[in-house]
Amino acid sequence: MSAAEHTPAEAASGPIIRIEHLGKWYGRFQALKDVNLAIARKERIVICGPSGSGKSTLIRCINKLEDYQEGTIVVDGVTLDENVKNIEHIRREVGMVFQQFNLFPHLTILQNLTLAPVWVRKMPRKEAEALAMRYLERVQIAEQAGKFPGQLSGGQQQRVAIARSLCMNPKIMLFDEPTSALDPEMIKEVLEVMAGLAREGMTMLVVTHEMGFAREIADRIVFMDKGEIVEQAPPKEFFANPKSERTKLFLSQILGR
Amino acid sequence: MLPLTTGYFAGYQPMQVLFGLFAAAALTGAILIKDRNLKGMLWEALAVSLILMLGTYLAHNTIVNLANRKIATGFDFLDREARFEISESLIPYSAASTYGRAMLVGFLNTLKVSILGIILATILGVGIGILSLTRNWLVRQLAGGYVHFLRNIPVLLHIFLWYTAITNLLPPLRQALSPVPGIYLSQRGFFYPVPEPATGWTAALYGLIAGVVLAVAATRVARLRQDRTGEILPTGLVAILLVIGVPLIAWLVGGAPTAFSVPALKGFNFEGGTSISPEFFAVFGALSVYTSAYIAENTRAGILAVSRGQIEAGRTLGLSEGVILRQIILPQALRVILPPTTNQYLNLTKNSSLSVAVGYPDLVSISNTTLNQTGQAVECISIIMLVYLATSLATSALMNWYNRSIKVVER
Amino acid sequence: MAIEMTGPATMAAPAGAPRDVIGWLRENLFSSPLNSVLTLISFGLIVLVVPPLVRWGILNAVWTGGLERCKAVQGTGACWIFIAEKYRLILFGLYPFKEQWRPLLMTVVLIALLAASMNRAFWRPWLGLAWLLGYLAMGILMWGGIFGLAFEDTDKWGGLPLTLILSVNAIAFSFPLAIALALGRRSDLPVIRMICTGFIELVRGVPLISVLFMASLMIPLFLPAGVDINKLLRAQAGIILFTGAYVAEVIRGGLQALPKGQIEAADSLGLGYWQKTGFVVLPQALSLVIPPMVNSFIATFKDTSLVIIIGLFDLFGSARLAANDPAWRPFYVEGLLFVALIYFVSCFSLARYSRYVERLARQGDQR
């Protein structure tokens, strides 16, 4: 199925992301084992688990930053396959925020934001800049528009990175440990922006160790270990009443109880 | 012996003694005085007086020696007749021309081999650098082998290997190899056809210039239009069409001349066409290939310096691979590649001075001949050094300015 | 295409995929159409270049016999007996044939000292003493004149020993000069800074050959009448000055890489300039610059080949000398290749060593 053919009816009713029997190997090492996950529109999912459990790999498969060898991923009715058109279509619909921000150091903040609207959405520069300024105001950083990424603090850079993704008006946002590279005092400003997005009804997949954020914002918490989904539950149930031993061990380590 | 010693006392000795006394005073002061600022100034005074002492001493010796050997001083010789032939020249020159003109011929030859060498070295180096990053195992090995083999052999040896290979392994003129009709390879050089002068060719040349200008203008206009309307035009394709098409049309309008002057063996030499001397080819080939190994390493390092995250961020935004390459990878990689590559360009230019070893008439060769004829070593060596120094300083000033203007701002 | 080149980050190999020859080939040589084309072009190049070289260098080459056999294959095969015939001349230049064990022994001593100096475990005070004694022994061996050794003047020195002497001396003696220049260029005193910067930029702006011309033609003019320094020493002085400017920039790189906190800490201890420099700044900066120093040595080692232009017979010069014999003249390329091989082996192993030291230093940082 190509990007153009997908039926809006199916897309509107069913889950926005459907992952079935996903398997991925690095050489002989199996990074993902038979992962099945369906995400509804406006659903907010937090993925957690020990390091090396495959949680980053999983969300990086959703926009094909990683190849996978088994299973299917369908995003908003479009099947993710080798077709470059489909991949580019899905990437336009799915925004992503990285642990290391990955802002373009040679471009100003404003240019970072306008790059994709200009080259992908074919937007006139003035219009793109106006759009960019709206999002910069929303993450409360408009006064820095003329600076370069290197002149900003980590927290500011991550907010710019979020704004950059939003400029493409994505339907889904992926967050890959967005606060792990930040100093403690900057984590809050980034989480607040993410919480704001959640309130507005953005579909979000967040890989994070911030359990407070998960408890408050998530509709569902997915716990992964050794490339598998071990258990998934709404936050209340997940924290109060974990089922598997591995989850209990993880929670005791991360919450220190 | 007597006039020498009196000369010694008459002119320079008192000055040296004076500077010596200054130096001694400054040293004592610098050791005894505690005040930091004053101490620093005294150290500087010491350094300056020592340098002056040495300088006057050497200058004095030189003047005495030159007088003893009856060697003239000054740059008057530049206006005298050179009385030697130069095998290749970009401007009219004969044995009756002046030394000054001979030096100019040498300098132009240096520029010619350097600029052509830089162009070929860049093409080879960037190509090999990119190839050394492919996933193809065989290509990676070949690219790596190329770089290692070239870098670890002295550049002078490269020049000699090229020169000896041409003069020893290629056949003599009369049995010249002809891989393609009209092109001849022999130990006396390479001979190839050139178009006979005709209006069509001149028109094509102007057409080429016009094509380049038009291509630049078209790209500008397209960019402005994109800013205004957002529409993305195929600028690359249009530019290529302009650069090829305009000269082609000019050539056709100019009567589409097809006459070539083809080299043909007449007696002891080729007539018609044009030739490349073995000397030029050895220097040009060796320098560009040697330098390309370094540029390949720079290119590789520059591309590797762009983190994988940058490419991923571009993909995540839905940018096409071409846009990622042009807007994200190249601008960042160039900032890393350019400074060391500028250095390599300067090195290539300086290494072209080794032409003297195979007899390509560059600035150093001509100066060397002039030096041998006139004996004015100080002047000739000063000219060499000044010309190279000026070239280097001008290039680095230009590159520093450029590097500053593209520097990535950081806190 | 450029984008997939950032390395084999994602390797697609399903579970238990056999890592056999065909799998390897597909993964490394034919993973995409572009890749296959590149592989085929490479193969084409190899087929084009290697067989003629093998034919010339091995199959048609002459390994034994006399000059007549070489004459017979001239142009189609290499004449390696040229090397067998002339290797003593190429390696030791004009040094008297019977005495050539002396430069040979000197070379062995020098290489042993260099090898010992490359091992971190040997970086003890006694190594300095070993170098002093080594220099003394090498001087006696080369010059002679005592212990019953015949005196051999420097105009007879040549070949590999000369190349080694020139380059090792260049690095060793330029080192103090370079430290002074690097410190001077970063000094607070404007005049000193100007002098040092001026010297460094002047030397780096001109080609080595002009410095060598200056050493060979202008130094005699600089000296008072009657005083004469021999050609080898003059060339050596020129190379030392030239190398000094480049090494100074390497050391300055090390000084700049030093964390600011180190100097602030030294200042807070109340150390004076020389104490601060000698005990805190230099030791750290110098250990940082060992890998680039090895690279400078490689560059100098290659650069000494230029002394041929002012008439000294280093390794390369003596190869040329060997080809001056009219009978052997057509086989100069073979001699050059032999010399190239010696250079290649030396420089390549030194470069490997430099990378090894760099890796060692990085691991040290991580600990």
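Just so it is clear, the model here is predicted, and its values are computed rather than measured.

Visitor: Can you break down the interface of chain B and chain A residue by residue, with the values?
Guide: Taken together, the contacts link 28 residues of chain B with 33 residues of chain A. Taking both sides of the interface into account, the surface hidden between chain B and chain A amounts to around 2700 Å²; carbon and sulfur atoms contribute 61%. Where chain B packs against chain A, one counts two salt bridges. Counting the contacts that link chain B with chain A gives six residue pairs in polar contact (both at pLDDT 80 or more). For the side of chain B that touches chain A, the secondary-structure elements that each account for two or more residues are helix H6 (199-229), helix H9 (308-316) and helix H10 (321-351) of chain B. When residues in the side of chain B that touches chain A are grouped by element, the largest group, seven residues, is from H9(B). When the residues that make up the side of chain B that touches chain A are grouped by side-chain class, the tally is nine nonpolar, eleven polar and eight charged.

Visitor: Could you give me a rundown of the interface of chain C and chain B, with the residues and numbers involved?
Guide: Taken together, the contact pairs 63 residues of chain C with 62 residues of chain B. Counting the surface lost from both chain C and chain B, the interface buries some 5800 Å², and carbon and sulfur atoms represent 73% of this. The interface formed by chain C and chain B includes zero salt bridges. Going through the elements one at a time, helix H1 (21-28), helix H2 (33-59), helix H8 (190-205), helix H9 (208-222), helix H14 (315-323) and helix H15 (332-366) of chain C are the ones with two or more residues in the side of chain C that touches chain B. A total of eleven residues in the side of chain C that touches chain B trace back to one element, the largest contributor, which is H15(C). In terms of residue class, the side of chain C that touches chain B is made up of 46 nonpolar, ten polar and seven charged.

Visitor: Summarise the pairing of strand E4 (residues 70-75) of chain A; cite the residues concerned and give the values.
Guide: All names here are of chain A. Here strand E1 (residues 17-26) runs beside E4; their pairing, made up of five bridges, is antiparallel. Bridge pairing in E4 links Arg18 to Val74. Both E4 and strand E5 (residues 78-79) contribute to a ladder of two bridges, which runs antiparallel. Across the sheet, residue Val75 finds its bridge partner in E5, namely Val78. The turn joining E4 and E5, which pair antiparallel and follow one another in sequence, is formed by two residues; a positive phi near 50 degrees is taken by Asp76.

Visitor: How would you explain the packing of aromatic side chains if you had to name every residue and give the values?
Guide: All names here are of chain B. Within the structure shown, the criterion is met by 24 aromatic pairs over all chains. Measuring from ring centre to ring centre gives 6.2 Å for Phe84 and Tyr99, while their planes differ by 45 degrees; the resulting arrangement is tilted. Of this pair, Phe84 sits in the loop between helix H2 (36-68) and helix H3 (99-131) while Tyr99 sits in helix H3, and the two are 15 residues apart along the sequence. In terms of burial, Phe84 and Tyr99 fall into one category: buried.

Conventions used here
Per chain, the residues get numbers from 1 upward, laid out in the order the sequence is written. For this description, chains carry letters from A and ligands carry numbers from 1, given in the order in which they are written. Residues qualify for local features only when their pLDDT is at least 70, as the model is predicted, and side-chain atom pairs are given and counted only at 80 or more; totals for whole chains, interfaces and linings, by contrast, use all residues. Note: side-chain values were computed over all heavy atoms of the structure, leaving out hydrogens and water. In what follows, a contact means two residues having at least one pair of non-hydrogen atoms within 4.5 Å. Summed over both partners, buried area is the accessible surface (1.4 Å probe) that two parts give up on being assembled. By definition, a salt bridge exists where a carboxyl oxygen of Asp or Glu is found within 4 Å of a side-chain nitrogen of Lys or Arg. We call two N or O atoms a polar contact when they sit within 3.5 Å, provided that within protein one can donate a hydrogen and the other can accept it, with sequence-adjacent residues counted only if both atoms are side-chain atoms. By definition, any uninterrupted DSSP run of H or I lasting at least four residues is a helix, any uninterrupted run of E lasting at least two residues is a strand, and each is numbered from the N terminus. Residue polarity is assigned by list, with Asp, Glu, Lys and Arg as charged and Ala, Val, Leu, Ile, Met, Phe, Trp, Tyr, Cys and Pro as nonpolar; anything else, Gly included, falls into the polar class. For two strands to be treated as a pair, DSSP must find at least two bridges joining them. Working definition: a ring pair exists when centres of Phe, Tyr or Trp rings (six-membered ring for Trp) sit within 6.5 Å. Plane angles under 30 degrees give stacked, over 60 give edge-to-face, the rest tilted. Buried, partly exposed and exposed residues are distinguished by accessible area as a fraction of the type maximum, computed with a 1.4 Å probe on protein chains only: under 20%, between the cut-offs, and over 50%, respectively.

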